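# Observations on the model geometry
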Amino acid sequence: MANVDADDLRTSFSRSYNDELYTELWKACAGPLVEVPLTEERVFYFPQGHMEQLVASTNQGIESEDIPDFKLPPKILCRVLSVMLKAEHDTDEVYAQITLKPEEDQSELTSLDPPLVEPTKQVFHSFVKILTASDTSTHGGFSVLRKHATECLPALDMGQATPTQELVTRDLHGGENGDLRVGVRRLARHQSTMPTSVISSQSMHLGVLATASHAVVTKTIFLVFYKPRISQFIVGVNKYMEAMKHGFSLGTRFRMRFEGEESPERMFTGTIVGIGDLSSQWPASTWRSLQVQWDEPTTVQRPDRVSPWEIEPFLSSPPVSTPAQQSQPKCKRSRPVESSVLTPAPPTFLYGFPQNQETPPPPPPSASSCYRLFGFDLTSNPPAPIPPDKCQEPITPSAANEPKKQQKQRTRTKVIMQGVAVGRAVDLTLLKSYGELIKELEEMFEIKGQLLTREKWVVVFTDDEGDMMLAGDDPWNEFSKMTKKIFIYSSDEVKKMTTMLKSSSSLENDESMD
C-alpha cells in the first residue's frame, strides 16, 4: 500500500504526478527482482526469451521444426520508444506494453551507452504485508504495524467509542479515486492459461517471430507484451555488456537472486557445469547458455540453465577458525550420504573446523606477569576468606530469565509440501513418535497412506545448522529437539537431490586428491 501527503495531492494533482505514484505501486507489486527498461534506453531483445514467455503462459510446447526460419539473429539491438505498465484484471499479474524500434546498425557493440538521467522522484510512504490466514478470513480483521499505519493511513478519531474509518483506495486497474493505492503480488508461478489481454496477433508463436522479423527488415516499430516475472528477455545494453565482461567459464562459482517465500528475495549459489546453445535454431545465442548446478536443495523453483546477465561471480572465502573453536569441534552423529544426510560436509573438515589440529597449551606466565581480579593480585598471597555467614547463592541473569525464555520459545514447526502454495505448522511437543507425525501430516495435506511407504512422498527436515536429512533415522526425542523445518518432497525429487550431492561430493574428493 502506498500513500502521498494529502496536501501535496490536492495542490499538485497532475497527470505526471499520478503516473509516478502508479509506477511505484506497480514496481512494488512486481517485486524487487523485476527490471523494466526506460524510455529512450537501448536494449537487446531476445526472441528466444519471448517464445519462452509464451510457452510458459499458454502451457503449450512448440516444436522447432514447425517454426519457419525467419533468419532472425539471437539478439536484436533496439531503442525503447514507450513503456506502459499494466496489470491483468483476473490475476493481478503485472506486465508492460513496450514499443521497440530496431537500430539501423546491428553490429556488435564495443562500449557502454551513456547512462540516462532519471528525473527526481517524489517521496512516497509505503509498506508491504504478507497476508496470513487470519488476514484473509471472513471476520474482516486486518492487522497493520503502528509505524506503517501512521505513515500510510489517515489518523483515527480517538474520540470515538470504537475508533474506525472507511478507506477509499485505488488499485492498478483504476478503482476508486483517492490518495491511497493498494496492489497485490502473488507467488511467482507459471500460469496455466494466457490472460486475454495478452492473447493477440503479437503474442502468438509465429506472430512474435514474424512481427520481429518484419520490424528488423523495415526498421519499423513493434509492440511487445513483456511479463518480466516469467521471462526477462529485454535486457539493457549496459547490463548485457557488463555481464559479458565477466567471461564465465566451466567451474565458475556464481550467485543468483530469487523471490523468497518468507522474504522479498533469497540468494543461492552454484557452479557452471556446461556452456552451449539452448536450441540449435539459435546458434551462438547467449540466452540461457550456461548450464548450472546448485549448491543446496530448496523448495524455490530454480532453472537448470541461466543467462550470463542473471548471475554474478561469487568468491567464497574460507572459514576463519579461532584456536578456541578448534579445541572443541561440534560433533554430530555420522550418517551415510545415500541414506540420510542430503548436505555432505567437506571430506577434510568437520563442519568447518579441522579435525587434526589441537589447541597448543597456553604458555606459562612469566615472573613479571600480574593477574588481577577486582583489584587483587591473584599471583600474590590470597586475601582473607569471607566468613561463611556472609556468603549467599549467586543469582545469574540466565537463571533469572529462564522461565521467560521457556514461555517465549515457539513449539510449532513449519511444514512445506512440494507443489502446495500454503505451508502448515505442527507442534512436535504434542507428538510422541514418528507414527503420530506421519498420521498428522497425512491428515494435514490429505494424502492418507502415502507417507509411510516412501514410494510417492518422502519426509525430510532441516536442523539448526541448515543440514537437510531424512526423517526417521534419529531417535524421536533428538529429532523433535533439533528440527527447524519439515519438508515433504516427491520421491523422485529426493533421488535427484541425493544424486546431485553425491556428484558434488565426488568432485570435492577429486579436488582434494589433486
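Note that residues are indexed from 1 along each chain, following the sequence as it is written. Restriction of local features to residues with pLDDT of at least 70 applies here, the model being predicted, together with a cutoff of 80 or more for giving and counting side-chain atom pairs; totals for whole chains, interfaces and linings are based on all residues. Side-chain metrics rest on all non-hydrogen atoms present in the structure, leaving aside hydrogens and water.

Note the threshold: UniProt positions are given in the numbering used here, feature names are shortened, and annotations may be inferred rather than shown by experiment.
The name given to the chain in an unreviewed UniProt entry is Auxin-responsive protein, with the source organism recorded as Brassica napus. Per UniProt, the chain has the following entry under Sequence similarities (unreviewed entry): "Belongs to the Aux/IAA family." In UniProt, the chain has this text filed under Function (unreviewed entry): "Aux/IAA proteins are short-lived transcriptional factors that function as repressors of early auxin response genes at low auxin concentrations."

## Observations regarding the overall build of the chain
Applicable threshold: Secondary structure counts use DSSP, requiring at least four H or I residues in a row for a helix and at least two E residues in a row for a strand, with both numbered from the N terminus. Each residue gets one of three labels from its accessible area relative to the maximum for its type: buried under 20%, exposed over 50%, partly exposed in between, using a 1.4 Å probe on protein chains only. Here the Shrake-Rupley method, with its probe set to 1.4 Å, supplies the accessible areas, and only the displayed protein chains count as covering residues.
When its secondary structure is counted, the chain shows 11 helices and 23 strands. Among the 514 residues that make up the chain, the fraction classed as buried is 33%. Only carbon and sulfur atoms are counted for the fraction: they give 54% of the accessible area of the chain, which is about 31900 Å².

## Considerations on the pairing of strand 19 (residues 412-417)
It is a general feature of regular strands that their side chains alternate between the two faces of the sheet. This is how it is decided: For two strands to be treated as a pair, DSSP must find no fewer than two bridges joining them.
Both strand 19 and strand 20 (residues 424-427) contribute to a ladder of 4 bridges, which runs antiparallel. Looking at the pairing, Thr413 lines up with Val426 of strand 20. Where strand 19 folds back on strand 20, the antiparallel hairpin that results is connected by 6 residues, among which Gly419 adopts a positive phi of roughly 90°. One ladder, built from 4 bridges, connects strand 19 with strand 23 (residues 485-490); its direction is parallel. Opposite Lys414, over in strand 23, you have Lys485 as the bridge partner.

## A look at the sheet that holds strand 13 (residues 305-306)
Either a parallel or an antiparallel arrangement is found when strands of a sheet pair, and the pairing is made through backbone hydrogen bonds. The strand order across the open sheet formed by 5 strands is 13-12-11-10-14, and the pairing between neighbours is antiparallel. Both edges of this open sheet fall to strand 13 and strand 14 (312-313), since each of them pairs with a single strand only. Here strand 10 (residues 253-258) pairs with strand 14 via 2 bridges, running antiparallel. Each bridged residue has a counterpart across the sheet, and for Arg255 the counterpart in strand 14 is Glu312.

## A few points about helix 9 (residues 434-445)
Which entries qualify depends on this criterion: Helix span, as expected, comes to 1.5 Å for every residue beyond the first. By construction, the arc corresponds to the directions joining the helix axis to the C-beta atoms. By definition, residues are in contact when any of their heavy atoms lie within 4.5 Å.
Given a rise of 1.5 Å per residue, 12 residues ought to cover 16 Å, and the 17 Å separating the end C-alpha atoms of helix 9 matches this to within 8%. Where helix 9 is concerned, the buried positions are Tyr434, Leu437, Ile438, Leu441, Glu442, Met444 and Phe445. Taken down its axis, helix 9 places every buried residue within 160° of arc, on the same side. Turned more than 90 degrees from where helix 9 packs its buried face, Lys439 and Glu443 sit exposed. Buried positions along helix 9 lie against strand 19, strand 20, strand 21 (457-462), helix 10 (476-482) and strand 23. Directly after helix 9, the chain includes Glu446, whose backbone phi takes a positive value near 60°.

## Side note on the packing of aromatic side chains
We count it as follows: When two rings of Phe, Tyr or Trp (its six-membered ring) have centres within 6.5 Å they constitute a pair, described as stacked for plane angles under 30 degrees, edge-to-face for angles over 60, and tilted for the intermediate range.
Under the criterion given, the structure shown has 18 aromatic pairs. Ring geometry for Tyr226 and Phe233: centres 5.0 Å apart, planes at 90°, overall edge-to-face. On the accessibility criterion, Phe233 (0% relative accessible area) is buried. Aromatic side chains Trp476 and Phe479 sit 5.4 Å apart centroid to centroid with 35° between the ring planes, which places their arrangement in the tilted category.

## So, the pattern of salt bridges
Filter applied, for reference: One speaks of a salt bridge when a side-chain nitrogen belonging to Lys or Arg is within 4 Å of a carboxyl oxygen belonging to Asp or Glu.
Inspection of the entire model under this criterion finds 13 salt bridges. Note that Glu103 and Arg79 form a salt bridge whose closest N and O atoms lie 3.5 Å from each other. You can see Glu103 sitting in the loop between strand 4 (94-102) and strand 5 (125-126) and its partner Arg79 sitting in strand 3 (residues 76-87), a full 24 residues away along the chain. By relative accessible area, which is 16% here, Glu103 ends up buried. Here Arg288 and Glu310 are joined by a salt bridge, their closest N and O atoms 3.7 Å apart. Taken together, the positions of Arg288 in the loop between strand 11 (266-275) and strand 12 (290-294) and Glu310 in the loop between strand 13 and strand 14 put the pair 22 residues apart, joining distant regions of the chain. Given the relative accessible area of 12%, Arg288 is considered buried. Since its relative accessible area comes to 30%, Glu310 is described here as partly exposed. When salt bridges that share partners are traced, they join Arg42, Arg79, Glu103 and Asp113 into one network.

## Description of the sheet that holds strand 21
As a reminder of what qualifies: Every axis in this analysis is a line fitted to C-alpha atoms, fitted for helices over the stretch in contact. Angles between the N-to-C directions lie between 0 and 180 degrees.
Read from one edge of the open sheet, 5 strands run 20-19-23-21-22, paired in mixed fashion. Either end of the sheet is taken by a strand with one partner, and the two such strands are strand 20 and strand 22 (468-470). For this sheet the average axis-to-axis angle between neighbouring strands, irrespective of direction, equals 30°. As paired elements, strand 21 and strand 22 share 3 bridges and run antiparallel to each other. Residue Val460 lies in a different strand from strand 22, and its bridge partner there is Leu470. In this fold helix 9 packs onto strand 19, strand 20, strand 21 and strand 23, with an angle of close to 155° to the strand it touches most, strand 20.

## As for the environment of Arg42
Selection criterion: In the analysis that follows, any N or O atom pair within 3.5 Å is treated as a polar contact, provided that within protein one partner can donate a hydrogen and the other can accept it, and provided that, for residues neighboring in sequence, both atoms belong to side chains.
Inspection of the secondary structure puts Arg42 in strand 2 (residues 42-45). By relative accessible area, which is 19% here, Arg42 ends up buried. A sequence separation of 71 residues divides Arg42 from Asp113, and the C-alpha atoms of the two residues are 7.9 Å apart. Not counting residues within four places of it along the chain, the set of residues in contact with Arg42 comprises Leu77, Cys78, Arg79, Glu103, Leu109, Asp113, Gly236 and Val237. Only 3.2 Å separates the side chain of Arg42 from the side chain of Glu103, close enough to count as a polar contact. Separated by 2.9 Å, the side chains of Arg42 and Asp113 make a polar contact.

## Structural notes on the side chain of Ser231
With respect to the helices and strands, the residue Ser231 is situated in the loop between strand 8 (222-226) and strand 9 (234-236). At 3.2 Å, the side chain of Ser231 and the backbone oxygen of Gly49 are in polar contact. If near-sequence neighbours (up to four positions away) are discounted, Ser231 is found in contact with Gly49, Glu52, Gln53, Tyr226 and Trp287.

## A few points about the nonpolar core
Stated precisely, the cut-off is as follows: Buried Ala, Val, Leu, Ile, Met, Phe, Trp, Tyr and Cys residues that are joined via side-chain atoms within 4.5 Å together make up what is termed a nonpolar core.
In terms of nonpolar packing, the biggest core is built from 40 residues, with Tyr45, Phe46, Leu100, Val224, Phe233 and Ile234 touching the most fellow members. If we ignore the near neighbours within four places in the chain, the residues touching Val224 are Tyr45, His50, Ala96, Gln97, Ile98, Leu100, Phe233 and Ile234. Ranked by size, the runner-up nonpolar core spans 23 residues in total, among them Val415, Ile447, Leu451 and Ile488.

## Regarding unusual backbone geometry
We note that Lys219 has phi near 60°; this positive angle belongs to a residue other than glycine. For Glu446, which is not glycine, the phi torsion reads 60° and is therefore positive. Its location among the elements puts Glu446 in the loop between helix 9 and strand 21.

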